[in-house]
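# Structure assessment
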Amino acid sequence: MAAWRGLIEEFRDRLPVTATTPVITLHEGGTPLVAAPGLSERTGCEVFLKVEGANPTGSFKDRGMTMAVSKAVESGAKAIICASTGNTSASAAAYAARAGITCAVLVPQGKIALGKLAQALVHGARLLQVDGNFDDCLALASKLSQDYPVALVNSVNPDRLQGQKTAAFEIVDALGDAPDYHCLPVGNAGNISAYWMGYCEDFEAGNSTRKPKMIGIQAAGADPIVRGEVVQHPSTIATAIRIGNPASWTKALDARDASGGAIRSVTDRDILAAYKLLARTEGVFVELGSAASVAGLLASSADGLIPRGVRIVCTVTGHGLKDPDWAVASAPAPITIPVDAHRAAHELGLA
Ligand code: F0G
């Protein structure tokens, strides 16, 4: 089997690139679509997980960033900027390092997971913590990109969505058709818009016979699309999706309505339960924001929004190692023993 070359080379004819576009890649994409037997049994459906934590920086953002940074370099940019709840900044910093350009990052102070902060810093981003939320950071980043020579690489940049739509192509390739339903977390609403674009393009190209109903999941304290109004002070343990005024709001509504899907919310408690369930029964360690999609699947199965017998793909958007604090906090603390086999056997429940 030929080695995966990164999504620009793999999907070159379906992306807005030319032979002269510089390809800035870490060989992102080509992520596993893993069957989820535990979730399938619980829901009476055939459930697959699109494991986007397997991307080079541990989240789906790399799909958008390879495109956005390649196009920025093509247009002569020497610097990029983004606002972020963490993953976008980690990805932007890595791709900027790869391209040899400057990366500026604005994050909400105290509200991003430590692993993501570590990534942005280690790749050499110029990072400022802003005394505000993500929506404030995005407004600042947009203004700076208008006033200074720096390219904005948030998902309002259309190249980002072009890259991210390739996840839908991979799913159709792997399953031989589109699934009946697709569940994914919604924050700034770029990804649901990108997937919908990808599924529509595949359908129009004759690669699939159907388009999935798109089920977008927001956290209950940060659910502006569900409420139909901006949430001024969004709050959730899932910091990745702690967003009160999504930039791609209208596109997300279009994906919902055109697909016959839904955008719903789940509580932090539901998210934490799904997080543990995924880790313990499927062996897949995701971050809390990603577990929202599975929490939404379980809620939708329980209340009949998703019927039994259908095929579902759930995108789990980011790796659990991004935020180890939650993993440690949500499990019993390990005990310490002397160097003693009997004691070890006893404590491990082997004796
Ligand atoms: N899941 C994770 C792990 C995320 O980091 C994000 C967004 C989403 C889901 C939601 O995707 O915004 O396209 O609806 N993270 C952005 C960031 C906002 O800055 O890293 P969306």
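Quantities reported herein were computed from a predicted structural model and do not represent experimental measurements. (Residues numbered from 1 in each chain as written. Predicted model: local features only at pLDDT ≥ 70, side-chain atom pairs only at ≥ 80, totals over all residues.)

## Some words on the overall build of the protein
Just so we agree on the cut-off: Helix and strand assignments come from DSSP, with helices taken as H or I runs of at least 4 residues and strands as E runs of at least 2, each series counted from the N terminus. Between the two quantities, the radius of gyration covers C-alpha atoms and the globule rule is 2.2 Å times the number of residues to the power 0.38. Field definition: a residue is buried when 20 or more other C-beta atoms are found within 10 Å of its C-beta, exposed when 12 or fewer are, and partly exposed for counts in between, with C-beta atoms placed from the backbone.
On a plain count of helices and strands, the protein comes out with 15 helices and 10 strands. For 351 residues, the compact-globule estimate of 2.2 N^0.38 gives 20 Å, and the protein sits close to it at 20 Å. Judged by the C-alpha coordinates and their principal axes, the protein covers about 65 × 50 × 50 Å. When the 351 residues of the protein are sorted by exposure, 55% land in the buried category.

## With respect to the pairing of strand E9 (residues 262-266)
It is a general feature of regular strands that their side chains alternate between the two faces of the sheet. What counts is decided by this rule: Strands pair, by our definition, only if DSSP identifies at least two bridges between them.
Where burial is concerned, most of E9 is hidden: four out of the five residues are buried. Both strand E8 (residues 213-219) and E9 contribute to a ladder of five bridges, which runs parallel. When the sheet's bridge partners are listed, Gly216 is paired in E9 with Ile263.

## Notes on the sheet that holds strand E5 (residues 126-130)
We apply this condition: Contact between residues is assigned whenever the C-beta positions, reconstructed from backbone atoms, fall within 7 Å. The axes are straight lines fitted to the C-alpha atoms, using for helices just the contacting stretch, and the angles between their N-to-C directions are given from 0 to 180°.
Read from one edge of the open sheet, four strands run E5-E4-E3-E6, paired in parallel fashion. Each end of this open sheet is capped by a strand with a single partner; those strands are E5 and strand E6 (151-152). The pairing of strand E3 (residues 79-83) with strand E4 (residues 102-108) spans five bridges and is parallel. By the bridge assignment for E4, Ile81 is matched with Ala104. Strand contacts of helix H4 (residues 87-99): E3 and E4, with the helix running at about 170 degrees to E4, the strand carrying the most contacts.

## Points about the sheet that holds strand E7 (residues 181-185)
Pairing within the open sheet is mixed, and its six strands lie in the order E1-E2-E10-E7-E8-E9. Each having just a single partner strand, strand E1 (33-35) and E9 make up the two edges of the open sheet. The sheet shows a mean angle of 25 degrees between the axes of neighbouring strands, direction not considered. Note: E7 against E8, five bridges, orientation parallel. Each residue of the ladder has a partner; that of Leu184, found in E8, is Gly216.

## Here we look at the UniProt feature "binding site: pyridoxal 5'-phosphate" (unreviewed entry) in the protein
Keep this limit in mind: UniProt positions are given in the numbering used here, feature names are shortened, and annotations may be inferred rather than shown by experiment.
According to UniProt, the feature "binding site: pyridoxal 5'-phosphate" (unreviewed entry) maps to Asn87, Gly187, Asn188, Ala189, Gly190, Asn191 and Thr317 in the numbering used here. A compact arrangement is adopted by the annotated residues: their sequence extent is 231 residues, whereas the largest C-alpha distance between any two is 14.3 Å. Residue position: Ala189 is located in the loop between E7 and helix H9 (190-204). What makes Ala189 buried here is the crowd of 25 C-beta atoms within 10 Å. Ignoring any residue separated from it by four or fewer positions in sequence, one finds Ala189 in contact with Ile225, Pro246, Ala247, Ser248, Trp249, Lys251 and Ala252. Once residues lying within four places of it in the same chain are set aside, the contact partners of Gly190 are Ser155, Arg160, Leu161, Gln164 and Ser248.

## What to know about unusual backbone geometry
Residue His27 is not a glycine yet carries a positive backbone phi of 65 degrees. Note that His27 resides in the loop between helix H1 (7-10) and E1. The backbone of Ala189 sits at a positive phi, close to 75 degrees, despite the residue not being glycine.

## Notes on the site of the ligand
What counts, and what does not: Near, as applied to residues and a molecule or strand, means the residue's backbone-placed C-beta atom lies within 6 Å of it. Ten residues, namely Ala, Val, Leu, Ile, Met, Phe, Trp, Tyr, Cys and Pro, are considered nonpolar, four, namely Asp, Glu, Lys and Arg, are considered charged, and the remaining ones, Gly among them, are considered polar. The split into domains, and so the bounds of each, comes from an automatic or database assignment of domains.
Looking at the ligand, there are 22 residues lining it, with Ser84, Gly187, Asn188, Thr317 and Gly318 nearest. For the shell around the ligand, the elements supplying multiple residues, two or more each, are H4, H9 and helix H13 (288-302). A per-class count over the shell around the ligand returns five nonpolar, 15 polar and two charged. Counting the residues that make up the shell around the ligand, at least three belong to each of domain 1 (7-59 + 159-329) and domain 2 (61-156).

## Notes on the UniProt feature "domain: Tryptophan synthase beta chain-like PALP" (unreviewed entry) in the protein
The residues that UniProt annotates with the feature "domain: Tryptophan synthase beta chain-like PALP" (unreviewed entry) are residues 24-318. Secondary structure across residues 24-318 divides into 45% helix and 17% strand, with the first and last C-alpha atoms of the span separated by 21 Å.

## Describing the domain arrangement of the protein
Splitting the protein by domain gives domain 1 (7-59 + 159-329) and domain 2 (61-156). Placing a centre on the C-alpha atoms of domain 1 and another on those of domain 2 gives a separation of 21 Å. At the interface, 43 residues of domain 1 touch 36 residues of domain 2. For the side of domain 1 that touches domain 2, the secondary-structure elements that each account for two or more residues are H1, helix H7 (158-164), helix H8 (166-175) and helix H14 (324-329). In terms of residue count, H7 provides more of the side of domain 1 that touches domain 2 than any other element does, six residues in total. Taken together, the residues of the side of domain 1 that touches domain 2 sort by class into 17 nonpolar, 18 polar and eight charged.

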